[in-house]
Amino acid sequence: MLTESDVRASLGDATVPSLVRRNAERCGDKPALSGSDGTHTWADVREQIAAVAHGLSAAGLGRGDRMLIDVTSRPEHWIVDFAAVHLGALPCTTYATLSTEQIRHVATHSAATVVVLEGAAQLHRWRPVLDALPNLRAVVVLDAAEIPEGESVFVSYDELRRGGADLHRRDPAAVERWADTPRQSDPVCMIYTSGTTGAPKGVVLSHENVLYQAAAQELIRPVEDHPRMVAYLPLAHVAKRVLGMYLLLLSAGHATVCPDQAQLVPTLQKIRPHGFFGVPRVWEKIAAGIQGILGGLPEDQRAAIERAREVAATVYGIRADGGEPAPEVADAFDRADRAVLRPMREQLGLGEAERLGSGAAPIPASVLEFFGSLGMTIMEVWGLSETTGAATSTLPTRYRAGTVGMPMPGMAARIAEDGEVEVRGPLVFLGYLDDDGGIRRDTDADGWLATGDIGSFDEDGFLTITDRKKELIITSSGKNVAPSKAEGLLRTHPLVGCAAVIGDQRPYVTALLTLDEESAPAWAKARGIDTTDLAELAEHPDVLAALADAVETANAELARPEQIKNHRVLLQSWTPESGELTPTMKLKRRVISDRYASAIASLYADGKASTS
């Protein structure tokens, strides 16, 4: 079993700047980042980091300062972030979906001295805020054409980099001093929580936090040297930061940027990454797409695939119990994999992806088992920004669908008297950024962090997360109901985009459903429905009937108090921009409760599903 000592031995005394230097020296000619502007080698990346660090220093960014970044996933994002770390500053990527008022909170609370923006869209949201930031020294803009005239606080990224390159030529030793300065215990980045239950808080992580997590992931599921990756999740997300930035550094990998998630599958098909992490909704959409394709195949072809899947599902089940299949079963699986399953994975672009993961929200066991039947073992992780992502994980050889596995190497977990999960270990964050710029620890005297999640361990040590402590529903009859379980079951249907279970202080449980913007029109087209308009589909009798069946299917897996007695299909979808979802796609339950109060009231006034 992997231990903390194994991880620390693998990591050594590495920091982000020292790894940038190592990669430039040992594999400088290997690709590091690919974007719309081409491919940058590790040697080129370090030269750009040095130039931008000099430029940021000249612009006023120094040790301990905070820098906010609102830039899409493109190579400059990595460069400017790592450059700030070289200076000992604290970079923080903000979500692109933040409103101007949310930006005002983050920018004011962080006391940012430098802000890095991409172009017109970002300037539009940030412009009303910038004048109110007393510590602001520079606003770096990637699209120079969008810089307002006559305002000295603005500087183009190219101008900053060119000026920094001149300074680097005059003092090339500076980058070496910067690489030698940080300790693993120093802050490396900040992540603002999504704010489902209050104002976002600034989570401060250390070099040790992020690189320990990266080293553990690398040891748990080794892949090829210099692995290929696809960067598609926002860098404001802790999982993307760890996997797309720090694991990239540690493994000297090659990340190809995919800023448009609509192009994710074509990008996967082109790049053939060695690993892939998806939030549950991504995996659910991929599963729904595969199932749709399978449903349209000729009977004989579909039957051959089903036979192969049955063999893979058997092997998946045996390994879930910690066993190994008998030789004849293993041979049957190898034949089925070569002939049927691997070609299917190749079509997805995941034929070489060994390190597969899911996190950020519960993923239904049925989805994990579906991919298991395709020969894909997805490791489910659980954690928070405050635990640098994964605090627990299932393993390639030790997993149980429906659980989030066991504590990561070096981490400990326990259940408090009220059922809350508490953790401690090397992945627990430094603390929250305080209003005065200090870091406020949030652990008890023994280092235990209360996570806010309710859970339990089974007899084999696998952790199951029930729900967020603040989101548990208590019906008027006193029954405790975890809404995420039913919501996850409902989202497995291709028609469902979002599901919000209602029932706190009410006699029974109900649900609000929205249609999936991508899958619902495809589902309708396959059934001869002649509209792709979501509002029209939400009122179509075939759609309503299918969703009623989906609710009944979910209810069959739920205990009686958890079962959904009534539901309503909404005419509109939910997005972070519309306000019902956080940037990490979690439900804003308070917003939903207020905004759809009349729709919710109707669920308890009659017994028929309807639309609104």
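Here the structure is a predicted model, which is why all the values come from computation and not from measurement. Sequence positions are assigned chain by chain, starting from 1 and proceeding in written order. pLDDT decides what is reported in this predicted model: residues at 70 or higher carry local features, side-chain atom pairs at 80 or more are listed and counted, and totals for whole chains, interfaces and linings draw on all residues regardless. With hydrogens and water set aside, each side-chain value is computed from the structure's full complement of heavy atoms.

1. A closer look at the overall build of the protein
In DSSP terms, a helix is any run of H or I states spanning at least four residues, a strand is any run of E spanning at least two, and both are numbered starting from the N terminus. Summing up its helical and strand segments, the protein has 21 helices and 28 strands in all. Compactness check: the protein gives a C-alpha radius of gyration of 25 Å against a globular reference of 25 Å for 612 residues, within 12% of the reference. Judged by the C-alpha coordinates and their principal axes, the protein covers about 70 × 60 × 55 Å. For the protein, the proportion of its 612 residues judged to be buried stands at 55%. Two residues qualify as a contact provided that any one of their heavy atoms is within 4.5 Å of a heavy atom in the partner residue. Considering only residue pairs separated by 6 or more positions, the protein has 67% of its internal contacts joining residues 24 or more positions apart. We get accessible surface area from the Shrake-Rupley algorithm with a probe of 1.4 Å; when it comes to residues, only the shown protein chains can shield them. Summing over all exposed atoms, the protein offers an accessible surface of approximately 25300 Å²; the carbon and sulfur share of this is 49%. As used throughout, the charge tally considers Lys and Arg to be positive and Asp and Glu to be negative, leaving His and the chain termini uncounted. Charged groups are reduced to one reference atom each: NZ for lysine, CZ for arginine, CG for aspartic acid, CD for glutamic acid. Here the protein holds 61 positive side-chain charges and 82 negative ones, and the gap between their average locations is 1 Å. The globule rule used here is 2.2 Å times the number of residues to the 0.38 power, and the radius of gyration it is set against is calculated over C-alpha atoms. Think of it in three bands: with a 1.4 Å probe and only protein chains considered, a residue is buried below 20% of the maximum accessible area for its type, exposed above 50%, and partly exposed in between.

2. Comments concerning the nonpolar core
By nonpolar core is meant a set of buried Ala, Val, Leu, Ile, Met, Phe, Trp, Tyr and Cys residues that side-chain atoms within 4.5 Å join together. The biggest cluster of nonpolar side chains holds 125 residues, and the ones touching the most others in it are Leu 56, Tyr 246, Phe 276, Trp 283 and Phe 371. Examining the composition of this core, we find that 9 residues originate from one element, helix 10 (residues 238-251), more than from any other. Those domain boundaries reflect an automatic or database domain assignment. In this structure, this core is formed jointly by two domains, domain 1 (4-182) and domain 2 (278-468), each of which donates at least three residues. Those residues in contact with Phe 371, other than ones at most four positions away along the chain, are Trp 283, Ile 286, Ala 287, Ile 290, Met 376 and Ile 378. Judged by nonpolar contacts, the second largest core, of 28 residues, contains Leu 495, Val 501, Val 551 and Val 569.

3. With respect to helix 10
The end-to-end C-alpha distance of helix 10 is 18 Å, a good match for the 20 Å that 14 residues give at a rise of 1.5 Å each. Burial of helix 10 is extensive: 13 of the 14 residues sit out of reach of the surface. With its phi angle positive at about 50°, Ala 252 sits one or two positions after the end of helix 10. Multiply 1.5 Å by the residue count of a helix minus one, and that product is the helix's expected span.

4. Some thoughts on a negative patch on the surface
For patch detection, residues must exceed 30% relative accessible area and be free of salt bridges, and they are connected within 9 Å for like charges or within 5 Å for nonpolar side chains (Val, Leu, Ile, Met, Phe, Trp, Tyr). Here a salt bridge means any side-chain nitrogen of Lys or Arg lying within 4 Å of a carboxyl oxygen belonging to Asp or Glu. Among the surface-exposed residues, Asp 530, Asp 533, Glu 536 and Glu 539 lie close enough to one another that they form a single negatively charged patch. Its place among the elements puts Glu 539 in the loop between helix 18 (534-537) and helix 19 (541-555). Since its relative accessible area comes to 48%, Glu 539 is described here as partly exposed.

5. Some thoughts on the sheet that holds strand 3 (residues 66-70)
Taken together, the 5 strands give an open sheet; going across it, the order is 4-3-5-6-7, and neighbouring strands pair in parallel fashion. In this open sheet, the two strands that pair with only one neighbour each are strand 4 (90-93) and strand 7 (154-156). Adjacent strand axes in the sheet meet at a mean angle of 20°, parallel and antiparallel pairs treated alike. Here strand 5 (residues 114-117) runs beside strand 6 (residues 138-141); their pairing, made up of 4 bridges, is parallel. The residue of strand 6 that forms the bridge with Leu 117 is Val 141. At least two bridges found by DSSP between two strands is the condition for calling them paired. Between the N-to-C directions of two axes lies an angle of 0 to 180 degrees, each axis being a line fitted to C-alpha atoms and, for a helix, fitted only over the stretch in contact.

6. Overview of the domain arrangement of the protein
According to the domain assignment, the protein contains domain 1 (4-182), domain 2 (278-468) and domain 3 (473-606). Domain 1 and domain 3 are separated by 41 Å when their C-alpha centres are compared. When the buried area of domain 1 at its contact with domain 3 is split by residue, Tyr 95, Thr 97 and Gln 102 rank highest and sum to 95% of it. At the boundary of domain 1 and domain 3, one finds 0 salt bridges. By buried area we mean how much accessible surface two parts lose on assembly, using a 1.4 Å probe and totalling the loss over both.

7. Quick notes on empty space enclosed by the protein
Think of a 1 Å grid over just the protein atoms. A cavity is a set of points where a 1.4 Å probe fits yet cannot get out, a pocket is an open set with protein on both sides within 12 Å along at least five of seven lines, and lining residues have an atom within 4 Å of a point. Grid points are joined across faces, edges and corners, and a volume is the space filled by probe spheres set on the points. With the rule as written, the count across this model stands at 1 cavity of 30 Å³ or more. Around the largest cavity, the lining residues are Tyr 316, Leu 368, Ile 378, Glu 380, Thr 394, Tyr 399, Arg 400, Ala 401 and Thr 403. Split into classes, the residues belonging to the lining of the largest cavity amount to 5 nonpolar, 2 polar and 2 charged. Residues were grouped as follows: Ala, Val, Leu, Ile, Met, Phe, Trp, Tyr, Cys and Pro as nonpolar; Asp, Glu, Lys and Arg as charged; and all remaining residues, including Gly, as polar.

8. What about unusual backbone geometry?
The backbone of His 226 sits at a positive phi, close to 50°, despite the residue not being glycine. Of note in this structure, Arg 272 is not a glycine but carries a positive phi near 55°. Following the sequence through the fold, Arg 272 ends up in the loop between helix 11 (264-271) and strand 12 (275-278). For Arg 272, a relative accessible area of 33% gives the class partly exposed.

9. A few points about the environment of Gly 431
With respect to the element layout, Gly 431 can be found in strand 19 (residues 431-433). Measuring from C-alpha to C-alpha, the distance between Gly 431 and Arg 441 comes to 4.1 Å, with 10 residues separating the pair along the chain. With sequence-adjacent residues up to four places away left out, Gly 431 is seen in contact with Gly 202, Val 203, Val 204, Ile 439, Arg 440 and Arg 441.

10. Considerations on the pattern of salt bridges
Inspection of the entire model under this criterion finds 39 salt bridges. A salt bridge links Arg 281 to Glu 284, with the shortest nitrogen-to-oxygen separation between them at 2.9 Å. Taken as a pair, Arg 281 and Glu 284 lie in helix 12 (residues 280-295) at a separation of 3 residues, close to a single helical turn. Side by side, Arg 281 and Glu 284 carry an identical accessibility label, which is buried. A salt bridge links Glu 562 to Lys 485; the shortest N-O distance between them is 3.8 Å. Taken together, the positions of Glu 562 in the loop between helix 19 and strand 27 (564-569) and Lys 485 in helix 16 (residues 483-491) put the pair 77 residues apart, joining distant regions of the chain. Taking relative accessible area as the criterion, Glu 562 reaches 15% and is therefore assigned buried.

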